[in-house]
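Structural overview for review
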Amino acid sequence: MTLEVRPDPSIVFRSDARPDFEPFEEELGSIRGFQYAGDLASEMAAGRIDRASALGLLDDMLAIREMEEMIVRLRSGGGYEPLPSYDYRGPTHVSIGQEASAVGASSVLRITDNVTSSHRGHGDAIAKGFSALRQMTLEGLRARLGRADGTRDELLAAALEEHLYRVIAELFGKDEGYSRGRGGGMHIGDFSTGNLGANAIVGGSVPIAAGAAMARRYEDSDTVVCCFAGDGAYANGVVLEALNWAAQAQWTNHYAGDKPFGLPLIFFIQNNHYGMTHRTDDEVTGVTHLARRAAGFADGNMHAEVVNGMDVLAVRDAVTRAAELCRRGEGPVLIEASTYRYYGHSLSDPRNEYRTRDEEAAWRAVDPIETLKTQLVTSGAATADEVAAVVAAAAERNARAAQRAAAGADPAPETLLDLLYTDGTSEIVPEEAAQPVLAAEPPRAKREADGRILYRDALREALVEEMLRDNRVIFYGEDVADYGGAFKLTKGLMEAFGRRRVFNTPISEACICGTAVGAGIVGLRPVVELMYMDFGLMSSDQIANQAAKWHYMSGGQVEVPVVIRCSVGAGKGYGGQHSQSLESIFTHIPGLYVLYPATAEDAKGLLKSAIRTNNPVVFVESQGLYSTKGVVPEGDYTTPIGKARIAREGTDATIIAWGPAVPDALAAAETLAAERGLSAEVIDLRSLVPLDMETVLASVRKTGHVVVAAQAVLTGSFVNEIVARIQAEAFDDLDGPVGRIGAAPGISPQAESLEKAFLPTAADIVAAVAAIF
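Below: a short report on this structure. (Residues numbered from 1 in each chain as written. Predicted model: local features only at pLDDT ≥ 70, side-chain atom pairs only at ≥ 80, totals over all residues. Heavy atoms only, no water.)

Let's shift gears to the overall build of the chain. Within the chain, the regular secondary structure consists of 25 helices and 21 strands. Here the C-alpha radius of gyration of the chain, 29 Å, is about what a compact globule of 773 residues would show, namely 28 Å. Long-range pairs, those at least 24 residues apart, make up 78% of the contacts in the chain with a sequence separation of at least 6. Surface exposure of the chain reaches about 29,800 Å², of which carbon and sulfur atoms provide 51%. Averaged over its 72 positive side-chain charges, the chain has a centre that lies 2 Å from the centre of its 104 negative ones. (Helix = DSSP H or I, 4+ residues; strand = E, 2+ residues; numbered from the N terminus. Rg over C-alpha atoms; globule rule 2.2 N^0.38 Å. Contact = heavy atoms within 4.5 Å. Areas by Shrake-Rupley, 256 points an atom, 1.4 Å probe, with all protein chains shown as cover. Lys, Arg positive; Asp, Glu negative; His and termini not counted. Charge placed at Lys NZ, Arg CZ, Asp CG, Glu CD.)

Right, dumping it as structure tokens:
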């Protein structure tokens, strides 16, 4: 076979991404670029910065540069003299060259302001920490260091070095790191200085930032959230959802009532012009400047502008103005900082396959640190010797911190699973949170004489009681306000609690869950609704990689008290995308609680418990149970999480079930007793994670015959986890194989005849029990 070889004009080396800071103004208007024309001399003359602050900017950038160049030398074999034989094994996503964006932005944020960051986030962590420490009072520094001696300058120097040490310790995987070695460089954050953590999922932190800003708005604070993310993130779906979320009209129009206030959020794009290796502005997007993204989501273009991200003073100027807008309620603001990383995506990336040495040299010629060093001298703010002393001191500080970190203790292996969950709850509500304001009388369930109410009304009653109890509880989702949700479950909540606490959202499931994570991390207790559990797959990153992991990845610095309500629509003929029982997927994600009540009483009690725990909860509801009734006590009670219920006592066989399989199991038990004379015990798990194996095993040891049943597709079902554990932990007590019941290994069909064949029934459970005798 002869292959014909032809030239292909599409196979070309990419055009250089050389620095271009020429001023421009977009045709769409109000998107301006590179308008800053100042320098250190003009900033000092205008009183916008003083000598000490200017030297602080240099020191902060040097701290990032020294630490990251240390990583380069440790990993590349070039050697870092203070640690000549240290084996560094962590990520190597360095931001060398980008220091001005992190430092310039952080330098004008307050201690109480928040930042979120990306996988290249250790520079952001150093910058936000150093800025916060420089703003601390003498008393604040003493409290942080646990010292009563020393001048403020001495304590500040010690605090800066301690911050650097804990950052490096985290990169080295040490127990003294900010996240106790659990998070590492791609998830680093000192939450005490306002850093809400770096994120290894590209764009993953952007909806979290939007949620944090939404919480700050709700609190009526003047706190600003600055969301650092790279150019690659701004092609990500959840990031575009977050842009829309932040720009919603309801924050500022008549829906906001007497408190119109835009989200205090700065979208700060660290545009280093490359995703991993692809060119953002010349290859994989259709815009020259990513600031144009803002025009697609807000009439005012989010005050968008492009700045020279290699100039720390230009960045400082832009973020100063952006923060002022946000504090006045005129956010969000989008800033694109044109910057550059001198190294590849990571140190395994040699760079020579997609960019040229000339391109890199052109960016190094406008290096942010060298630029500021020159301006310090030419402005008369410092002498060359004074600048050199700052450089030397930064190197020495890094060496001391690195040596101390390398000698630090590794986390003990027996602590591996510590911090997966928290024991924290909201059982004690702070006084300021226990004063709800009502716009109308909350909705009340219609109770029958014997105390029975609908399952759906029991859920609403739980929400009402918890919102009355704690005004940190907010509720939102698609069409849950005026309309009351697709199943009318939340009708009346908005009228009672107002739109500040109950509001509609865009059809943005990932952002619904991501904003809940952000709001939860900073102190609210969000309950959000996914109309169908199927949509949990669209938001699975924010549930599985964010909500589930942040308590652990932060080393226990934060908790994520979020409840994600999702309903299963099986049995209604809604087909393959609105009928899935997907609880098993989320039981596979450590860090989540997964609850699935079968009765109206437990629907209320478990939802109240879910809202009060500080762990993230996937709360599953069966639409098939919404219209069932049960006796539900009025007033406050909770159902314990992690405790199964013996729904029916028996002696001959054990049927373990959850959700809609519980009434099927009870019906099966009746049939077994009537037709076969068998006494079946029914265990309603209620809680899948945590799982009450004690109750399960006690019943198994009593009866010796077991069937486990659920509505989920049997292949890969949590049913199989329970069966495996029974066989491992109670094998000698079994008198036969363990039966398994679930949906057929297929896709839920629309046709009634097929769906009846697809879903398990009470008759299937009867047959499974009979088969093991």
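On we go.
The next subject is the sheet that holds strand 2 (residues 32–33). Two modes of strand pairing occur in sheets, parallel and antiparallel, and in both the strands are linked by backbone hydrogen bonds. As summarised here, the arrangement of the 7 strands in space is 1-2-6-7-5-4-3, forming an open sheet in which the pairing is mixed. Across the chains shown, the open sheet's two edge strands, defined by having one partner strand only, are strand 1 (24–25) and strand 3 (114–116). In the sheet, strand 4 (residues 225–230) pairs with strand 5 (residues 265–271) via 6 bridges, with the strands oriented parallel. Looking at the pairing, Gly230 lines up with Gln270 of strand 5. The sheet contacts of helix 10 (residues 312–327) involve strand 5, strand 6 (305–308) and strand 7 (333–338), and relative to strand 5 the element is tilted by about 155 degrees. (Pairing = 2+ DSSP bridges. Axes fitted to C-alpha atoms, helices over the stretch in contact; angles between N-to-C directions.)

If you trace the backbone, Thr599 turns up in the loop between strand 13 (593–595) and helix 20 (600–612). When its relative accessible area of 22% is taken as the criterion, Thr599 is described as partly exposed. Beyond its immediate stretch of four places on either side in the chain, Thr599 contacts Tyr455 and Arg645. In this structure the side chain of Thr599 is engaged in a polar contact, spanning 3.1 Å, whose partner is the backbone nitrogen of Asp602. (Buried < 20%, exposed > 50% of the residue type's maximum accessible area, 1.4 Å probe, protein only. Polar contact = N/O pair within 3.5 Å; in protein donor to acceptor, adjacent residues only side chain to side chain.)

One pass over the structure, following the stated rule, counts 0 disulfides. Here Cys511 stays free of any disulfide, with the sulfur of Cys513 as its closest cysteine sulfur at 9.5 Å. Unpaired in terms of disulfides, Cys513 finds its nearest cysteine sulfur in Cys566, a separation of 8.4 Å. Assessed through its relative accessible area of 1%, Cys513 is described here as buried. (Disulfide = S-S within 2.5 Å.)

Moving on, we come to the packing of aromatic side chains. Inspection of every chain in the model, using the stated rule, returns 20 aromatic pairs. Considering the side-chain rings of Tyr340 and Tyr342, the 6.4 Å spacing of their centres and the 50 degrees angle between planes classify their relative orientation as tilted. This pair shows no difference in class: Tyr340 is buried, exactly as Tyr342 is. Among the aromatic residues, ring-to-ring pairing joins Phe21, Phe34, Tyr274, Tyr340, Tyr342, Tyr354 and Trp363 into one connected group. The residue whose ring lies beneath Arg404 is Tyr165, and the NZ or CZ to ring-centre distance is 3.7 Å. (Phe/Tyr/Trp six-rings, centres within 6.5 Å; stacked < 30°, edge-to-face > 60°. Lys NZ or Arg CZ within 6 Å of the ring centre and 35° of its normal.)

With that out of the way, let us pick up the nonpolar core. If you look at the biggest cluster of nonpolar residues, it comprises 102 residues, and the most contacted ones within it are Tyr234, Trp245, Leu265, Leu334, Trp658, Val708 and Ile726. With 9 residues, helix 7 (residues 205–218) is the largest single contributor of residues to this core. Non-local contacts of Trp658, meaning those with residues more than four positions away in its chain, are made with Glu583, Tyr596, Asp684, Leu685, Leu688, Val708, Ala709, Ala710, Phe718, Val719 and Ile722. Of all hydrophobic cores here, the second largest spans 66 residues; its members include Ile126, Leu164, Val167 and Tyr178. (Core = buried A, V, L, I, M, F, W, Y, C linked by side-chain atoms within 4.5 Å.)

Note that Ile611 resides in helix 20. On the accessibility criterion, Ile611 (3% relative accessible area) is buried. Distance in space between the C-alpha atoms of Ile611 and Thr425 is 8.8 Å, their sequence separation being 186 residues. Once residues lying within four places of it in the same chain are set aside, the contact partners of Ile611 are Ser426, Leu463, Glu466, Val473, Arg525, Val527 and Val563.

This paragraph deals with unusual backbone geometry. Excluding glycine, residues mostly carry a negative phi; peptide bonds, for their part, are mostly trans. The residue after Gly331, namely Pro332, is reached through a cis peptide bond having omega 5 degrees. In this fold, Pro332 is placed in the loop between helix 10 and strand 7. One non-glycine residue, His273, lies in positive phi territory at about 75 degrees. Residue placement: His273 occurs in the loop between strand 5 and helix 9 (280–284). The phi angle at Arg686 is positive, at roughly 65 degrees, despite the residue not being glycine. A residue is classified by how much of its surface remains accessible, and Arg686, at 8% relative accessible area, is buried.

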